[in-house]
Amino acid sequence: MEDRKFADIGNTQELQFTSGVFKITDWADFVTSQVIGGFESLDCFKNVGVVAIVGMSSKGALTTASYREEALKVAVSHPNVIGGVSQNKIPEDLLLFTPGVNLADSGDGKGQQYNTPEHVFKTLHTDFIIVGRGIYKSEDPEAAAVTYKNEGWNAYINSLVKKAIQD
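Residues numbered from 1 in each chain as written. Predicted model: local features only at pLDDT ≥ 70, side-chain atom pairs only at ≥ 80, totals over all residues. Heavy atoms only, no water.

Enquirer: When you look at the pattern of salt bridges in this model, what are you seeing that I'm missing?
Expert: Should their charged atoms come close, side chains of opposite charge can pair. Tallied over the full model, the rule gives two salt bridges. Of the charged contacts, one joins lysine 5 and aspartate 3 as a salt bridge, the two residues approaching to 3.0 Å between their closest N and O atoms. The salt bridge involving lysine 73 is made with glutamate 70; its shortest N-O contact spans 3.1 Å. Of the two residues, lysine 73 and glutamate 70 are both situated in helix α2 (residues 65-76); the distance of three residues between them amounts to about one turn of the helix. Under the relative-accessibility criterion, glutamate 70 is labelled partly exposed at 42%. (Salt bridge = Lys/Arg side-chain N within 4 Å of Asp/Glu carboxyl O. Helix = DSSP H or I, 4+ residues; strand = E, 2+ residues; numbered from the N terminus. Buried < 20%, exposed > 50% of the residue type's maximum accessible area, 1.4 Å probe, protein only.)

Take a look at the structure:
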C-alpha cells in the first residue's frame, strides 16, 4: 500500500503514480487518494485498489457532511475503490478505514482528534483502525503495535457481541 494521499487532477496524479523516482505503479497493490479532483481523477488508478479519503480526523477539516456525500459518490462510481478513510459511517459496500485511533491521547493541540478502538468499532462499525503516533511515537513501537492489535481485536469482538444482542 502506498499511503501517499494523491490529491490533484487526473493527469497529474497519473504522472505521479506512473513516473518519477518511486514508480508507484510498479509495486503498489493499492493507494490512498483524495477525491477532490472529481470523478475522472481516479481513472488513472485502474490497475490498483484505491482507498478514497472522504473524511479527516482533524478538527475544523473541510471534509464536511456535504463534502463527504459528494466524495462518496465519486468513490462508489469506481469499481476499484475498495474503501474510504473517514471518522463517519460510509456505505457498507465499502470498507471503512478509521484514522485518528489512539489509546492514550485525545488530541495533539494541532487539530488532531483521537478516538478509541471501542468507539470506532461500536459506533462507526469500522473495518480497519488507523494508528499512527500511538505506535511510532511510543517508547517501544513493537510493544505498542501489539497493544493496538489486541485492543483493536477486543473492541471488534465486543462490537459483534453487542450487535448480535441488539439484533
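Enquirer: Help me understand the sheet that holds strand β5 (residues 95-98), please; the structure alone is not making it clear to me.
Expert: Pairing between the strands of a sheet is mediated by backbone hydrogen bonds and can be parallel or antiparallel. Sheet architecture is open: six strands sit in the order β1-β2-β3-β4-β5-β6, paired in parallel fashion. The outermost strands of the open sheet, each flanked by one partner alone, are β1 (2-6) and β6 (128-129). As paired strands, β1 and strand β2 (residues 30-34) are joined by two bridges and run parallel to one another. Bridging from a neighbouring strand, glutamate 2 pairs with valine 31 of β2. Helix α1 (residues 10-18) contacts β1 and β2 of the sheet and is inclined by roughly 155 degrees relative to β1. (Pairing = 2+ DSSP bridges. Contact = heavy atoms within 4.5 Å. Axes fitted to C-alpha atoms, helices over the stretch in contact; angles between N-to-C directions.)

Enquirer: So what exactly am I meant to see when it comes to the pairing of β2 here?
Expert: For a regular strand, side chains alternate in direction, first toward one face of the sheet and then toward the other. The buried count for β2 comes to four of five residues, which makes it a mostly enclosed element. Crossover connection from β1 via α1 to parallel β2: handedness right-handed. (Right-handed = clockwise from strand over helix to strand, strands pointing away.)

Enquirer: Got a minute to help me understand the nonpolar core in this structure?
Expert: Counting 28 residues, the largest nonpolar core has Phe17, Val31, Val35, Leu42, Phe45 and Val81 as its most contacted members. Within the residue set of this core, elements represented by two or more residues are β3 (49-53), α2, α3 (117-122) and α5 (141-166). For this core, the element with the most residues is α2, which contributes five residues. (Core = buried A, V, L, I, M, F, W, Y, C linked by side-chain atoms within 4.5 Å.)

Enquirer: Mind showing me how you'd approach the pairing of strand β4 (residues 81-85) here?
Expert: Counting buried residues in β4 gives four out of five residues, a clear majority hidden from the surface. Where β3 lies against β4, four bridges are found, and the strand directions are parallel. Along β4, the bridge assignment pairs alanine 52 with glycine 84. Handedness of the crossover joining β3 and β4 through α2: right-handed. Sheet topology note: the β4/β5 ladder contains three bridges and is parallel. Note on β5: the bridge partner recorded for glycine 83 is leucine 95.

Distances and angles like these do not, on their own, reveal function.
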